[in-house]
Each structure stands twice: as C-alpha cells, then as structure tokens.
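As a plain string of letters, each chain reads:
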Number of protein chains: 2
Amino acid sequence: MQNMRPRMKKGDAPAGPKLLARRLRLHTHREAVVVIRTDSPIARAEGLGPHSQILLRGRGREARATLFQVEQPIIGIDEAALSEAVWQRLGLEEGDMLTVSHASPLESLACVRHRIHGHRLSQSEMDGIVRDVAAGNYADVHLAAFLTASSAMPLDEKETYFLARAMVESGECLQWSSAVVVDKHCLGGLPGNRTTPIIVAIAAACGLTMPKTSSRAITSPAGTADTMAMLAPVDLDIAAIKRVVAKEGGCLAWGGAVSLAPADDIFIGIERTLDIDTEGQLIASVLSKKVAAGATHVVIDIPVGPTAKVRSRATASAITERLAKMAECFGIKLVCVQTDGSQPVGYGVGPALEAMDVLAVLQDGPDAPHDLRSRACFLAGAVLELGSAAPVGGGTRLAEETLLSGKAWQKFERICMAQGGMRQPGVASLKQPVLALHSGRVIYMDNRKIAQLAKLAGAPDVPTAGVRMQVRLGDEVAVGEPLLTVHAEAPGHMNYALAYARSNPGMVEIG
Amino acid sequence: MQNMRPRMKKGDAPAGPKLLARRLRLHTHREAVVVIRTDSPIARAEGLGPHSQILLRGRGREARATLFQVEQPIIGIDEAALSEAVWQRLGLEEGDMLTVSHASPLESLACVRHRIHGHRLSQSEMDGIVRDVAAGNYADVHLAAFLTASSAMPLDEKETYFLARAMVESGECLQWSSAVVVDKHCLGGLPGNRTTPIIVAIAAACGLTMPKTSSRAITSPAGTADTMAMLAPVDLDIAAIKRVVAKEGGCLAWGGAVSLAPADDIFIGIERTLDIDTEGQLIASVLSKKVAAGATHVVIDIPVGPTAKVRSRATASAITERLAKMAECFGIKLVCVQTDGSQPVGYGVGPALEAMDVLAVLQDGPDAPHDLRSRACFLAGAVLELGSAAPVGGGTRLAEETLLSGKAWQKFERICMAQGGMRQPGVASLKQPVLALHSGRVIYMDNRKIAQLAKLAGAPDVPTAGVRMQVRLGDEVAVGEPLLTVHAEAPGHMNYALAYARSNPGMVEIG
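Since the model is a prediction, treat every value here as computed from it, not as a measurement. Residue indices begin from 1 for each chain and proceed along its sequence in written order. Labels follow written order: the first chain is A, the first ligand is 1, and so on. Two thresholds apply to this predicted model, a pLDDT of at least 70 for residue-level local features and 80 or more for giving and counting side-chain atom pairs, whereas whole-chain, interface and lining totals are computed over all residues. The side-chain quantities take in all heavy atoms of the structure and omit both hydrogens and water.

1. Here's the deal with the overall build of chain A
Part 1 of the reasoning: By definition, any uninterrupted DSSP run of H or I lasting at least four residues is a helix, any uninterrupted run of E lasting at least two residues is a strand, and each is numbered from the N terminus. From N to C terminus, chain A includes 18 helices and 19 strands.
Part 2 of the reasoning: Each radius of gyration reported is based on C-alpha atoms, and the globular scaling rule is 2.2 Å times the count of residues to the power 0.38. Computed over C-alpha atoms, the radius of gyration of chain A comes to 25 Å, within 12% of the 24 Å expected from 2.2 N^0.38 for 511 residues, which places it in the range of a compact globule.
Part 3 of the reasoning: Along the three orthogonal principal directions, the C-alpha set of chain A runs to about 85 × 50 × 45 Å.
Part 4 of the reasoning: The buried label applies to any residue whose accessible area, calculated with a 1.4 Å probe on protein chains only, is under 20% of its type's maximum; exposed applies above 50%, and partly exposed to all values in between. Evaluated residue by residue, chain A yields a buried proportion of 61% over its 511 residues.

2. Side note on the nonpolar core
Part 1 of the reasoning: Ranked by internal contacts, the top residues of the largest apolar core, which has 86 residues, are Met126, Phe267, Ile300, Ile302 and Leu323 of chain A together with Met126 and Phe267 of chain B.
Part 2 of the reasoning: Only heavy atoms enter the contact rule, under which two residues are in contact if any of them lie within 4.5 Å. Contacts of Ile302 of chain A, omitting those with residues within four sequence positions, involve Leu187, Val310, Ala316, Ile319, Thr320, Cys336, Val337, Gln338 and Thr339 of chain A. Nonpolar cores were defined as sets of buried Ala, Val, Leu, Ile, Met, Phe, Trp, Tyr and Cys residues, with membership established by side-chain atoms within 4.5 Å.

3. Looking at the pattern of salt bridges
Where charged atoms from two side chains of opposite charge come close, those side chains can pair.
Part 1 of the reasoning: A carboxyl oxygen of Asp or Glu within 4 Å of a side-chain nitrogen of Lys or Arg is what we treat as a salt bridge. As enumerated under the stated definition, the model contains 55 salt bridges over all chains in all.
Part 2 of the reasoning: In this structure, the salt-bridge partner of Glu84 of chain A is Arg25 of chain A, at a minimum N-O distance of 3.9 Å. In this pair, Glu84 of chain A is assigned in helix 2 (residues 84–90) and Arg25 of chain A in strand 2 (residues 18–27), connecting sequence segments 59 residues apart.
Part 3 of the reasoning: Relative accessible area serves as the criterion here: at 7%, Glu84 of chain A is assigned to the buried category.
Part 4 of the reasoning: According to the relative accessible area criterion, Arg25 of chain A is partly exposed, its value standing at 30%.
Part 5 of the reasoning: One salt bridge connects Arg120 of chain B with Asp156 of chain B, and the closest N-O pair in it is separated by 3.5 Å. Taken together, the residues span a long stretch of sequence, with Arg120 of chain B in the loop between helix 3 (108–116) and helix 4 (123–134) and Asp156 of chain B in the loop between helix 5 (140–152) and helix 6 (157–169) at a distance of 36 residues.
Part 6 of the reasoning: A relative accessible area of 27% means that Asp156 of chain B is categorised as partly exposed.
Part 7 of the reasoning: Linked by salt bridges that have partners in common, Arg115, Arg120, Asp156 and Glu159 of chain A make up one network.

4. Description of the packing of aromatic side chains
Part 1 of the reasoning: Each pair of aromatic rings taken from Phe, Tyr and Trp, with Trp reduced to its six-membered ring, is defined by centres within 6.5 Å and is described as stacked if the planes are under 30 degrees apart, edge-to-face if over 60, and tilted in the remaining cases. As enumerated under the stated definition, the model contains 9 aromatic pairs over all chains in all.
Part 2 of the reasoning: Each ring, one from Tyr161 of chain A and one from Phe162 of chain A, has its centre 6.3 Å from the other, and the planes form 55°; the classification is tilted.
Part 3 of the reasoning: Measuring from centroid to centroid gives 6.3 Å for Trp409 of chain B and Phe412 of chain B, while their planes differ by 20°, and the two rings are stacked. Of this pair, Trp409 of chain B and Phe412 of chain B are both found in helix 16 (residues 407–419), 3 residues apart, which corresponds to roughly one turn of the helix. Grouping residues by exposure puts Trp409 of chain B and Phe412 of chain B together as buried.
Part 4 of the reasoning: In this structure, Arg216 of chain B is placed above the aromatic ring of Trp254 of chain B, and the distance from its NZ or CZ to the ring centre is 5.2 Å.
Part 5 of the reasoning: The criterion for a charge sitting over a ring is simple: Lys NZ or Arg CZ within 6 Å of the ring centre, and within 35 degrees of the ring normal. Residue placement shows Lys242 of chain B over the ring face of Trp176 of chain B; its charged tip is 4.7 Å from the ring centre.

5. Some thoughts on the sheet that holds strand 17 (residues 476–477) of chain B
Residue and element names in this part refer to chain B.
Part 1 of the reasoning: Strand pairing is assigned whenever DSSP identifies at least 2 bridges connecting the two strands. Ordered in space as 17-15-19, the 3 strands form an open sheet in which the pairing is antiparallel. Edge strands, defined here as strands with exactly one partner in the open sheet, are strand 17 and strand 19 (508–510).
Part 2 of the reasoning: Inspection of the sheet shows strand 15 (residues 440–445) paired to strand 19 by 3 bridges, in the antiparallel sense. Across the sheet, residue Met445 finds its bridge partner in strand 19, namely Val508.

6. Overview of the pairing of strand 12 (residues 333–340) of chain B
All names here are of chain B.
Part 1 of the reasoning: Taken together, the 8 bridges between strand 11 (residues 297–304) and strand 12 define a ladder with parallel strand orientation. Its bridge partner being in strand 12, Val299 is matched across the sheet by Val335.
Part 2 of the reasoning: Of the crossover connections in this fold, the one passing from strand 11 over helix 12 (residues 313–329) to the parallel strand 12 is right-handed. With strands facing away from the observer, any crossover in which the path from the first strand over the helix to the second runs clockwise is taken as right-handed.

7. Re the sheet that holds strand 12 (residues 333–340) of chain A
Residue and element names in this part refer to chain A.
Part 1 of the reasoning: Read across the open sheet, the 3 strands follow the order 8-11-12; overall the sheet is parallel. Either end of the sheet is taken by a strand with one partner, and the two such strands are strand 8 (182–186) and strand 12. Averaged over all pairs of adjacent strands, the angle between their axes in this sheet comes to 20°, without regard to strand direction.
Part 2 of the reasoning: Note that strand 8 and strand 11 (residues 297–304) share 5 bridges and pair parallel. Looking at strand 11, one finds that Cys186 is bridged to Asp301.
Part 3 of the reasoning: In this description, a line fitted to the C-alpha atoms serves as the axis of each element, helices being fitted only across the stretch in contact, and the angle between N-to-C directions of two axes falls anywhere from 0 to 180 degrees. Along the sheet face, helix 12 (residues 313–329) touches strand 11 and strand 12 and points at about 165° away from the line of strand 12.

Structure below.
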C-alpha cells in the first residue's frame, strides 16, 4: 500500500487453509458448486458465506465455484464437497486437499457491464470474456447477463467476428491434409431431420473428406450424435477421428469429446435455459465450430416454417447474408440452402427411431421415408458441388446414384466399422397410438409440440423413446386412424406424453 | 386434444409419485434447489435430469426448484433434499411427503423475452413478472436476464411506475392512523453513514410518526438493521412494530421480518451479484418500500462523491427528478438532499463500531463524531420541516436542540426498551492499526475499498468486526501515525484484511 504500512511482511498473503476434497458425483448440469459445512472453522475464518464466489486450488489448478453451506452432517466438517463439473475441471482424485479463499472479482465482468450499458466490445475484451467462460469462471447469472446484453443490443458484424474468433481459440482445432474439407450444419428446429449420416456417407463415397463432429441433444429429442450412437460408437478422441477419416474419408463423431469451441456449448446451454435466440451468437456459434473443425467448404441447411427455428424466408435470407460475410472473414466457402420446415422429417423422432429411418434410406428399403431421402440427396448434392466432386447442377443426381448403387451404404458400414463396429437400434417396449378424432385432411403440424411429446416420452435419455409419425401434411385420414405412435420404456413417461398430447390440441390439425 | 384421441381418460393427469422431504439446512442464499439421487426411480420415471426446473408440491403449496442429482448415498433414494429457501417457502415439517414433476414454462418469462427484444412492458405484464419473482419462481438466470434487459434498454417512466406498483403489491403494506408518516432513505455507498437511528429519535421526540424499517447489509459492511441490532432487538413483526410506534411514535425495525415489497429484495440480491445499477430499478426500489411502509413524507439522502454510489451532482439531480415525479404518482411528498460523499462518516465501519458512534452522538459524548452529528441534524431538520414539526428553515436548529436537551437520547432509550430492551455493543478482541508511510495531508479516501476492508475483517456477520477511521480528509499526519484500525475476532480475517490493505494503495492517500 502506497501510503500505509500494515503490520505484515510483504508477500505473506494468507496461504489459505486446506479442506479434504469430497466427490459426491453431484450433477448440476455444469455449474461449479462447492458445499462446505456452516460450522466449518475454515469457512468462518475466511469469512465465506452462502453464494460467495470461492477460489478453489488443488493439483496445481484453480477453479471458481459458488459456495453453498450445509448444517446437517452429510459431509465432514473438514470436507469440501464439489459438484462434478468443478471436480473434473480440477482433475482431482479422492484424498486430494484443497485450499479455499475468496475469489477476486473477474476483470472481464467489467467488460460485460460496459456492454450492458451500450459499449461495443473489442477483440481483446471479447477474448477475455470467452477465456473466462471456457475456463468455467462465469456463474450462470454472468452468462445470462452477457447473452441478454448481446440480445438487447445485438452483436454487430465486428463483435460477431470477435466472438467467433475468441470461441475458436477457447478450444482445440482440427487440422487436415486435404485442401478441401467439407462440412454441413442444420440450424435445427425440425424433428427427425437426420440427414447428416446419409450426407457423410454419400460425400465420402464420392471421394470427399468430411470429418463430421456433431452435438448431442440439448433441448431437442435427439442430436445427430445421439442418433449415430445407436449405430456405432461416437465417443472418439482426436486420434481416433484422424484414423477413421484417413481410412474412410469421413466420420460421424460426437464433438463433445474433442472440445471444439467449448465456450460455445456453455453459451448454448444458457440460451436454451433462457429460451432466447440471438442472431449474432448463432452466427458465431456455427462459424466457430466449423473453423475449429478445420472445414473449408460448408453447406448450411436452414429449415423455414412457422414452428421451425427460422420462421420466415426473410429471416433466413438475413442469416444467410451474415453467415456468408462471416465465412469470408475466416476464408471458408459457405452455401446456405433454405428447406421446407413445415413438418417433421421422416417417421421417427428420437435417437433409435431416427436411426431406423437413416438405415432405411441408406439401404434403400421399402419403408424408407421419401422426404428424408430427398432432403439428404438435395443437401448432399450441394456438398458435392461445393466440394467440386460434382459439376454445378449435377450434385443431387450424383447423390441419388451413390445411394441407389449401394455405395453410400457400403461407405456408411465401413465408417461404422472404423469407429468401432456397427450396432442395431433397439425398439421401445411400450407403444401407444394417438388417433384422429374426426375425418379430414392434415393441414398443420407443430414441430415444437411434437418434439416436446418425444421428450416427454423419454428421448433422448431413453434412446428407444420418442414418436413415430404416421401422417404427413395433406394426408386424408379417417376418424380413429392413428396420427402418430408414442414409444416409451416407462409407464410414467408414457402417461406424461399422452397427457401432454391430450392437452395440446393443434399438434396435428385436421381441417 | 381437439383432433386426436389419446388412450387416456380425461382428467387423469399423472398424480406424481412422492418423495420424503429432507431438510439439510442447505444455505444457497435464496436459490430454490432440490437434490435427488441419480438412481431415484421417480426421477427416472418422470424423466427428470440435472438442472431441470421442477415443480414441488407439499402441504398444499407449490414451489419451483432447480434439480441437482447426486450419485453418492448422502441422502436416501426415496428422499428429496431441499435448500432452506424452498423448505421455508413450502412451510414443510420433517416427515412431509412431496410430489415432484416437470415445471411447465412460466408465462411471464415470455414477457421478459419480449422486453429483451425491445418491447416495453405493460402494468399487467410487469405484475406477472413481479408476482413470479416474489413467489420464488424465477431462477437466478431469469432474474439476471430481466435486470440486464432493463439496464441495456433502461426502464422508462411508465415502466418504472408499473414496476414500483407491482413490487408494492408483491408483499404486505403497513397502514397508520396519523395523516403524516415520515421516513428517510439513503442511496448508500458511504461507510459509517448511520444517521437513521439519530433521525428517528429526533423526529419521534418532536412528535412525528416515524415507523422506520431498515435492511440488513447485502454487500456493505453494515445495514441500519445490523447496527440497530447491536442496541436493541430489531426482529419485530407487524404487531410489534405497531405497538412500539403507538407508544413512542417511532421504531427502528428490520424490514425483512415484515415482507415489504419482497420482490425488491430478490432483485437487489442479483443486482449486487452482477454489480449493475439500473436507475429505474433504484427508483422503483426506493418508492415501493416507502409506499409499502405507509410513508407520506420522505427525505432521501443522496451522498455524492467519486467513490459513493452516486458520483456526480448531475446524476444526483437526474435521480432527484425521477424520484420526485414517481413520488407524486404515489401521492408521497418527497425531498432529496445531496450530501458530501467523499469519505466515510463517523469513526466506525461495521455494526458494533457504528452503533458506538450513534450512542456517542445521542449521548452528546466527548468522542461523538462531529460529521455524523451534523449530517444527522441536517437530515433530521429536513424531516422535521417536511413533516411540519418545524418551520421552513428551522428544522436543523430544532434537531440540534432536541439532541442537546437530551430529549432525543431519552426517546431513543424508550424506543429500544419498547423493542425489547437496550443492549451495549461488544468490542473486537483483535485490533491492528494501519500506519502512515510518510507525513503529509490526507487528500483522498476510497469508500469502496474501506468498505471492502471492513468486510474482509468480518463485518457484518461478525458484528464487532470492521474498521475504525482515525483520520479525515485534510488532516495532517506524521509518518507512523495510525490512519485506521482493523477490528476482527479471527486471525484469518485479520490477515485477509491486512493483506488487502497492503495490496490496495490509495485506500487512504496522503499527498
């Protein structure tokens, strides 16, 4: 202190007393929580109170956590019980000791506050925020404040680029020897739209390099990784991905195991909790994942429909423009394709049910859903053209031929083998149809409600659970005919789902 | 369902299976958290996953909570362990059973989302939000989103009024028979500025009705309720407040026991966590508390200084204007007084140390801090004039006389007796001075850092802890003379505080 001389020697900052780290396998989504006894002498000496931000040190690492205090002796007085998120962040083992102390305020939060009050963020400010987010230093309230601020005053072009760059740098990056590395992404919101496995099989069969990493479901009834996990192991590390791609030209892996743009996943979790979509965040999210995955040529599927994520062609066009501009900044060739988003795709909604649709299309079976097949070929065509594996205008035809000839199916089988062996999806033990109350024509489907129905049935945690659609828009149905069937494994789930169907008129409307 | 006939009878919504409520006395500040075992058959059947929003029903009440799941058997497989906040909200007793189910999305969150995207809120929308907030239905992320949105696009005049009205209606309201009920409020940020007990004693001694309810500290080293608790019981219910005021004309009670505008306290908690101040929120907060307390004439103390809450006279004037307009809407006569906010007031910072300053002023002792005395008389004068107990321009003089004559002290003693008996503040066992490193004149004090120092010493949880200032701006000090003394009860606290003093040059600057 410049003008004051406290009676302590320089450098003897309080060492911080130690507590025994206790693993409860406490699942809090990913919030860092530490539980200490109210009567802990250390908490008292350090002046730690509930909801303090605490700095934990162990195994040479540091992590922040929110403090809860407990009076009942469910943990020892000398223990600090950690949520699984922070246990893993510190890489602790049973018996490890921890020091606990007050966490000093995060500097990057000052930037968040400035952003709330209308100041634009620079690259270095954005870097600081994203670094802290990726390190798990932000509590959920801080994440909510940042996302709300960048939604209330939307991220501009520069900030979106800064955010995407910062997110790329927050994690690992894949590098490939091929000059052309194709990828695809769907903006989502359409249940059953599981084109990715089919597209990868076609693209790889046509000689392109397509190392696809996908997410698991966050709020949807299935992500591509959930569906692919029904057919082959998807939990590949970087070495395994490289090996599969070197051998087969493509893979279908879970992105969570390789930590590409991890800050993005943290943001997405809170966006879903708040149910806010911010366009800048979306653009940065898509681009950062593609840049980190090493893609050079990317096709974006934008389903447009009243209950899809993108509701109008105008919005789709605006997103297309922003994505294209941003892709250019990163040197990526990008094409957006607007597709019909007015109803679910294929029959199945849920991991196993969607996997069966994928198999049926790849095997060209009699029960292959026509809509999934044609969407997949259309998008695969765009990938083939963008990657120069087909002449402009000839992509869809080449995709169709690759499917019909069985080459796509053979490639898919080989990819599954290379990933660890092919599996057969299971079938749910409980099935209950939902029937038409009167005759007429199907005039409307609500994607969101159908997705919710599948989730109430247990998807994606119960992989065989979900919904199998039995009608499509325009179909004539007679009274008493099934509109869809709910698949579940537990009577509780089945009851919830059917109660939801009953109380939600208009999920499938008959005119 | 309009067009579908699920195979369930109408009305047989899933009853929801039961879990045994377990009280852990888990302190989470006020977040509603429920912990259930990962292997709980009920969680599985209901499809509940970590961080779901759960609806709990017990004792005929409902509450929402965030779900955490635990693998270790620290609780039983048939138990639901609740954080103290939600235990008390449900009014549970040991042995009670709970039903758990998915919580449906809150309708008022749609209004928050609209607000984020720039739509102004109506009275009924604001009512819906505040009702849910007061009921504890908002998770912290939702509160953060609402507060960030109303900071990024500030609340306008109408919204501020709507918010204040909604907050008043979120809790109880006090009613008084006197036509004139005076009150005062300080916008805060000034350590040791404990004028309230002195003002109440003077006003009541002069015949005014001043039923004062105050808060405990949220992030400061002491709130008025913390300081008053050193001198008398403050935990009074409405009946006790009424009785004390009927007898003595005034009281000095803790507001938390009577639930005036409870939504406001919840907002304040998150504002402090995020460290954002929103002017509209501040205006609504001040007015809602005064309206709920039944005040008719209110004096607002606005300390202005570089490290006070309000940093410039321009900001103070803007706040004055907004407060005055809003007070008019509620039919309250309100006067704002700008005061010097450049340094702490009195000697003590911390509950017991401030209580000693208050006693010294009331008893007109030789060690009474002159600045606290003159501020209290100045503000009491404004209260007396506004409440027509003194002629315009004669308030401060009457306040001085009331102090000097001993009438204020007698009134204070009687109020303390009526509240349950007078007490003497304790004294800390550890004291360490912080000394001047060179000679010169004190040219600057940082209120925020001095407040932080007092908190690190243990205040307000350790009531005797804090800081005793020994110099004021303009004082000449010689090298080695004490600038302030840290008071603490635990060596850990003392070490923290001294380390903080050492690493924070400029807390007390000598030119």
